[in-house]
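# Fold and geometry: a report
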Amino acid sequence: MSPMKAVTKHLLFTGNVQGVGFRAYTRRAARTAGVTGWIRNLTDGRVEVLLQGDSERIDGVIQQIAGGPPTARVESMIVDDMDPGEIFHQFTIRR
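Structure report, in brief. (Residues numbered from 1 in each chain as written. Predicted model: local features only at pLDDT ≥ 70, side-chain atom pairs only at ≥ 80, totals over all residues. Heavy atoms only, no water.)

## Observations concerning the overall build of the protein
Along the protein, the regular secondary structure elements total two helices and five strands. Computed over its C-alpha atoms, the radius of gyration of the protein comes to 13 Å, within 12% of the 12 Å expected for a compact globule of 95 residues. Projecting the C-alpha coordinates of the protein onto the three principal axes gives extents of approximately 40 × 25 × 20 Å. Counting over 95 residues, the protein shows a buried share of 40%. Contacts in the protein between residues far apart in sequence, at least 24 positions, make up 77% of those at least 6 positions apart. For the protein, the exposed area adds up to about 5600 Å²; of that, 49% sits on carbon and sulfur atoms. Each charge sign in the protein was given a centre, from 12 positive and 10 negative side chains, and these centres are 9 Å apart. (Helix = DSSP H or I, 4+ residues; strand = E, 2+ residues; numbered from the N terminus. Rg over C-alpha atoms; globule rule 2.2 N^0.38 Å. Buried < 20%, exposed > 50% of the residue type's maximum accessible area, 1.4 Å probe, protein only. Contact = heavy atoms within 4.5 Å. Areas by Shrake-Rupley, 256 points an atom, 1.4 Å probe, with all protein chains shown as cover. Lys, Arg positive; Asp, Glu negative; His and termini not counted. Charge placed at Lys NZ, Arg CZ, Asp CG, Glu CD.)

## Some details on the side chain of Thr-26
Here Thr-26 lies in helix H1 (residues 22-33). Residue classification places Thr-26 among the buried positions, given a relative accessible area of 0%. Here Thr-26 is in contact with Ile-39, Val-49, Ile-65 and Phe-91, once residues within four sequence places are set aside.

Here it is as structure tokens:
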């Protein structure tokens, strides 16, 4: 079996994504997939996410959260590759 290919992705979501359970929905999806990182609301109404882990697992999380929970309305999602920098050991909601 080949070793896991760890990657880091940075995401920005716009739309009706704050106050609608988006952070909890994303945390649940990431933890279920075994992906680490964090999510936080930005003061301009966007939501920022950092995902770390196996490339395929991250892709699955991104597919799941792309539309957000039923209460959200995602207008756009930007995904960028990042250098790992800090290594995270769990997925958390940042304040």
